[in-house]
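# Residue-level structural notes
So you can see what is in the structure, the chains are spelled out below.
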Amino acid sequence: MASSQANSTARQTQAQLHTAANLTSKPFKLALGYHYLTILFGTWLICGVFIDGYAHNHGVVETFFTPWHAILYSGFLVCAIWMSYLVYRTKLIAGLSWRLSIPSGYGLGLTGAAVFLTGGICDMAWHIIYGIEQDVAALLSPSHLMLLVGALMILSSPFRFAWNEDEDAPGWRSFAPPLLSVALTLSVISFFLMYAWMFRYNLASQPVTDWYLTKFYSGHIQQTNEMRGLSYLLLNTMQYMIPLLLLVKRWRLPFGAVTVLFTFVTVLMNALDGFENAISIAFAFAAGLIGDLAYRWLRPDEANRLWAMRIYVLLVPAVLWTLYFGWLKATDGIGWEIEVWTGAIVSAALASLALSLLAFPPRQPERRQEGA
């Protein structure tokens, strides 16, 4: 009797799920724990990406069939199998159509798995025909850029799920998956922009500027070095601030979110060079921590506090780059003119402000009613 009642209840639950899903035509929503596993498998994939990047940067890549490629592609394989299993499991339990069995936020991720697989096959063919790329060529290889697109689509799946949920002020338990999803996505973007990561080159330091002047014996090289460094600094500012503004626009962030975001990507970028510039992790951590404190104090996410948002976005990058140039000044010295490096800090803050104008545009004035 008990078994019969249990089977009847299960059938009723299945029928309710099937009816509700078809009435609303909305994708199936996964429990929170499944998103944590997606993040775990995505981290496996990203570790493979950065280990492969380290190998490329240190000239140890010889063939397509390497241990680091094994880590990279096994991470992808696990992600692809996991997302496919989620679809199959949902269809099996809920009896939905294949389309409705795709979990909310994961449709684009499944497409990304197909893109990544295609990129991997093309990458193997590319290496066989043209050999193994080095340095910037490895980042601009069409097959590698296809892998980038596929990885972005896969890794951002938990973020897309959370974006469509109703929770606006989540705690850490529910916010960790979308935050880490954004951090992983930012990390792979930063990986493909490693040639413009300011902390790798320290172009403003006195030893670097002296080396350029000694190497090329030209005063013009100093200006070229400054313009290159300023370009990197502004691009890195956008890399940090665009994801942060995206998160702030959607959610009320729990304390520590900015610190995790900034530190996560900076740690991974340091792995590319064996943590030779590990001090930059401290800068990112400190800027993130101050960003968290300022977020709590200024409350830029509250209504009618647009002025607080403007102050906030000016403050965070200004702190990051002030710490960086302060460290250079205290250690190796700064080879740039004082107007250049101080102006670089201000320019980074202004670039962040410009981004906030797009994310949080000025409010339109209320229209007067006719006849008033």
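Refer to the structure above for everything that follows.
A brief look at the structure comes next. (Residues numbered from 1 in each chain as written. Predicted model: local features only at pLDDT ≥ 70, side-chain atom pairs only at ≥ 80, totals over all residues. Heavy atoms only, no water.)

## Some remarks on empty space enclosed by the protein
Applying the stated criterion to the full structure yields three cavities of 30 Å³ or more. Reported here for the largest cavity is a volume of approximately 240 Å³. What lines the largest cavity is a set of 21 residues, among which Val49, Asp52, His144, Phe191 and Phe192 lie closest to the centre. Here the lining of the largest cavity gets five residues from one element, more than from any other, and that element is helix H2 (residues 32–57). Grouping the amino acids of the lining of the largest cavity by side-chain chemistry returns 13 nonpolar, five polar and three charged. Forming the walls of the second largest cavity are Trp197, Phe199, Arg200, Met269, Asn270, Asp273, Glu276, Asn277 and Ser280. Of all elements in the fold, only helix H10 (198–201) and helix H13 (257–271) reach the threshold of two or more residues within the lining of the second largest cavity. (1 Å grid on protein atoms, 1.4 Å probe; cavity = no way out; pocket = protein on both sides within 12 Å on 5 of 7 lines; lining within 4 Å. Points joined across faces, edges and corners; volume = space filled by probe spheres on them. Helix = DSSP H or I, 4+ residues; strand = E, 2+ residues; numbered from the N terminus. Nonpolar A, V, L, I, M, F, W, Y, C, P; charged D, E, K, R; others polar.)

## Let's talk about the layout of surface pockets
By volume, the second largest pocket is sized at about 200 Å³. Taken together, Ser156, Phe159, Ser181, Val182, Thr185, Leu186, Ile189, Met238, Gln239, Ile242, Pro243 and Leu246 make up the lining of the second largest pocket. Among the elements of the structure, helix H9 (172–192) and helix H12 (220–250) are those that each provide at least two residues to the lining of the second largest pocket. A per-class count over the lining of the second largest pocket returns eight nonpolar, four polar and no charged.

## What about the packing of H2 against helix H3 (residues 67–94)?
At a minimum axis separation of 7 Å, H2 and H3 run at an interaxial angle of 160°. The orientation of H2 with respect to H3, classified from their angle, is roughly antiparallel. Judged by the twist between their axes, the crossing of H2 over H3 is left-handed. In this structure, H2 uses Tyr34, Leu37, Thr38, Phe41, Gly42, Trp44, Leu45, Gly48, Val49, Ile51, Asp52 and Ala55 to contact H3, whose residues at the interface are Trp68, His69, Ile71, Leu72, Ser74, Gly75, Phe76, Val78, Cys79, Trp82, Leu86 and Arg89. Taken together, the residues that form the contact of H2 with H3 break down as 16 nonpolar, six polar and two charged. (Axes fitted to C-alpha atoms, helices over the stretch in contact; angles between N-to-C directions. Parallel < 35°, antiparallel > 145°, perpendicular 65-115°, else oblique. Left-handed = near helix turned anticlockwise from the far one by under 90°. Contact = heavy atoms within 4.5 Å.)

## Quick notes on the nonpolar core
Counting 92 residues, the largest nonpolar core has Leu253, Phe262, Trp321 and Phe325 as the members making the most contacts within it. The element best represented in this core is helix H15 (residues 306–330), accounting for 12 residues. Once residues lying within four places of it in the same chain are set aside, the contact partners of Phe325 are Ala204, Leu233, Ile334, Trp336, Trp341, Ala344 and Ile345. (Core = buried A, V, L, I, M, F, W, Y, C linked by side-chain atoms within 4.5 Å. Buried < 20%, exposed > 50% of the residue type's maximum accessible area, 1.4 Å probe, protein only.)

Worth remembering: the numbers are spatial, not functional.
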